[in-house]
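Descriptive analysis of the structure
Chain by chain, the residues:
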Amino acid sequence: MEEEEEEEEEEVVIVGAGIAGLAIALALERVGVRSLVLERSHELRASGTAISIFPSGWRALQVLGVDHKLSSIYPSYNTVRSTNLETGETRELSLTGTMDRVGIGVRTVHRKVLLHALAEDLPHGTIRFSSKLVSINMEPQEDSSSNVIALHLDGGTIIKAKVLIGCDGVHSVVAQWLGLSAPVDSDRSAIRGLAEFPEGHGFRFEGKQYRSRDKRAGFVPLNDKEIYWFITHDTSSRERESTRHPRLILRHVTHFLAADFPPTFLHVVGSSDPRTVTWTHMLLRVPRDLLFGWTHRGCATVAGDAMHPMTQDLPLGGCAALEDAVVLARHLGPALNVSPRRPPAEVEKAIAAYVKERRWRVAGLVAGSYISGWAQRGGGGVMSRMWRWVVRFVCVRVFARYVSPRIVDAINYDCGNLNTVD
Ligand SMILES: Cc1cc2nc3c(=O)[nH]c(=O)nc-3n(C[C@H](O)[C@H](O)[C@H](O)COP(=O)(O)OP(=O)(O)OC[C@H]3O[C@@H](n4cnc5c(N)ncnc54)[C@H](O)[C@@H]3O)c2cc1C
C-alpha cells in the first residue's frame, strides 16, 4: 500500500534533538522565535553517557538560562594530572588558566541530564520524535516570490520550511544537501564508559590522564559515585571489522589497549556498567571546507557536529555546539522577529552573518584538536626515527610555548549575549 503524503508549513525547522538542536531551539525561544525540532529517535538520545563542559560551554548555558540546573548538581574541577607512561613524568595542568571569566571551572555532566535541562525549557510540542528527515529539495513559493525548503520525512510527511537548521550530527543529511563534503576519517577511535562505585569512589575532583605513544586515556569524577573514563587510540584494521558488543569492548580495553596502564585506570574501567560503554570512530570536517565550503545556502545552514565534527583530543565539540546556538539566535532573532515579517533576503543575510562569525572559530577548533592529538602522540603514523625526533622537539618546544596558551584561550571563549524577550 502506498504511503499517503501529508503536507505542513513551518517557519523554522531544526533537524536533530541533540545538544546543538535543543540549544538552538532554546536560544531562538529566548529571542522570541518559535521552532520545530525533528528527531528521528523516539526519545532524547545521548550516546557517550557523559560530557565535560568547559567555560566556553558554560558561558553559552548561562546565556540560555540553564547553567544553574547543572552547576547545582555537578562539582567543578580545574586541574588535570597528566602522566606520560613512557617517561613516568606527571604534570599538573590548569585547564582554564587564569582566564575562566565564568568562574565555573570545568564540570563533567551526564549527557542525558544536559539534554533534559535544555529540552524542559522549550514549549510543549517543540520536539517531534520519530521524525526522520530523508531528503530535501527547494521549491518555489506559490506566489513565486521566493523558495521554500521541502523536507521529506520517513513515512511520507512533507514539511515546508522557510528556515532550515541542520543539527543532525556527523552524518548530516542537511550538510550533504548543502554541498559540504563528507567528514574524513581521523584513523582514531574513542572508547568511553561510566564506572559506578555505590559506596563512593574516593578520588579527588580532578582529571587524570595517561599518555603513551599512540594512546591517551583518562578519567574524571561526575559526582561521589560515578566516574567517566575514556581511551583514544589509533584504529587498527582489525578493530574496524570487530564486533562492537559492550562487554567485548570492555575486554578489549582491559586486556589489550590498556593492559599495561596503571592499576588505578584498570580498576575504574573494570567498575563500569557495560551498558554505558561505547566505541566511536572519530571523524572530522576538513577546516578548508568550513572556511570555503557550502556551510549555508539561502535560508538553510548547519550547526554542531553537522557543521564541525572534530576529533576529541580537545573535547570541545559539544561546547562549540552550545556557542553556535547563541550566535545563530543573535543573528536570526532580529531578522525573523519583526513585524511585518522581513523578506527572506534579511534572513539569508542573518544566516550568512552567523556562518561568518563561526567559521574561523570552529575551523580553528577542528584543526587545533587534530594537531593537539597528533602532537600529544609525538607525531603519528609511519615515520622515520629522525622525523619522529624532529616532531618531538617541535611538540615539546613550540607546542607547549605557542599552542597551549591558544588552547586555554579556546576553552575560555566568550560567545557573547542575546537580546532576550520575556
Ligand atoms: C569520544 C567523544 C568524546 C567527546 N567529549 C566531549 C566533551 O567532553 N566535551 C564536549 O564539549 N564535546 C565532546 N564531544 C563532542 C560532542 O559529543 C559533540 O560535539 C556533540 O554531541 C554534538 O552534538 P550535536 O547535537 O551536534 O550532534 P548529535 O549529538 O550527534 O545529535 C544529532 C541528533 O540528530 C538526530 N538525527 C540525526 N539524523 C537525523 C535525521 N535524518 N532526521 C532527524 N534526526 C536526526 C540524532 O538522532 C541526534 O539526536 C565528544 C565526542 C566524542 C566522539
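These notes cover the structure that comes with them. Model, not experiment: these values are computed from the prediction. (Residues numbered from 1 in each chain as written. Predicted model: local features only at pLDDT ≥ 70, side-chain atom pairs only at ≥ 80, totals over all residues. Heavy atoms only, no water.)

Before going further, it helps to spend a moment on the site of the ligand. Near the ligand there are 32 residues, and of these E39, S52, R111, D305 and P315 occur at the shortest range. Take D305: an N or O atom from its side chain is 2.7 Å from an oxygen atom of the ligand. Those elements giving two or more residues to the shell around the ligand turn out to be α1 (19-30), β3 (50-53), β11 (184-196) and α10 (317-336). Considering only residue class, the shell around the ligand consists of 13 nonpolar, eleven polar and eight charged. Each of domain 1 (7-75 + 111-183 + 285-411) and domain 2 (185-283) accounts for three or more of the residues forming the shell around the ligand. (Near = heavy atom within 4 Å. Polar contact = N/O pair within 3.5 Å; in protein donor to acceptor, adjacent residues only side chain to side chain. Helix = DSSP H or I, 4+ residues; strand = E, 2+ residues; numbered from the N terminus. Nonpolar A, V, L, I, M, F, W, Y, C, P; charged D, E, K, R; others polar. Domains from an automatic or database assignment.)

Attention shifts here to the environment of Y354. Take Y354: it is sitting in helix α11 (residues 344-376). Each C-alpha atom of the pair Y354 and L328 lies 5.4 Å from the other, and the pair is 26 residues apart in sequence. Setting aside residues no more than four positions away along its own chain, Y354 makes contact with T301, V302, A303, M307, D324, V327, L328 and H331. (Contact = heavy atoms within 4.5 Å.)

As for its placement among the helices and strands, S131 is situated in the loop between β7 (127-128) and β8 (133-140). A relative accessible area of 7% means that S131 is categorised as buried. Within the local environment of S131, its side chain forms a polar contact with the backbone oxygen of R128, the two atoms lying 3.4 Å apart. One polar contact links the side chain of S131 to the main-chain carbonyl oxygen of F129, over a distance of 3.0 Å. (Buried < 20%, exposed > 50% of the residue type's maximum accessible area, 1.4 Å probe, protein only.)

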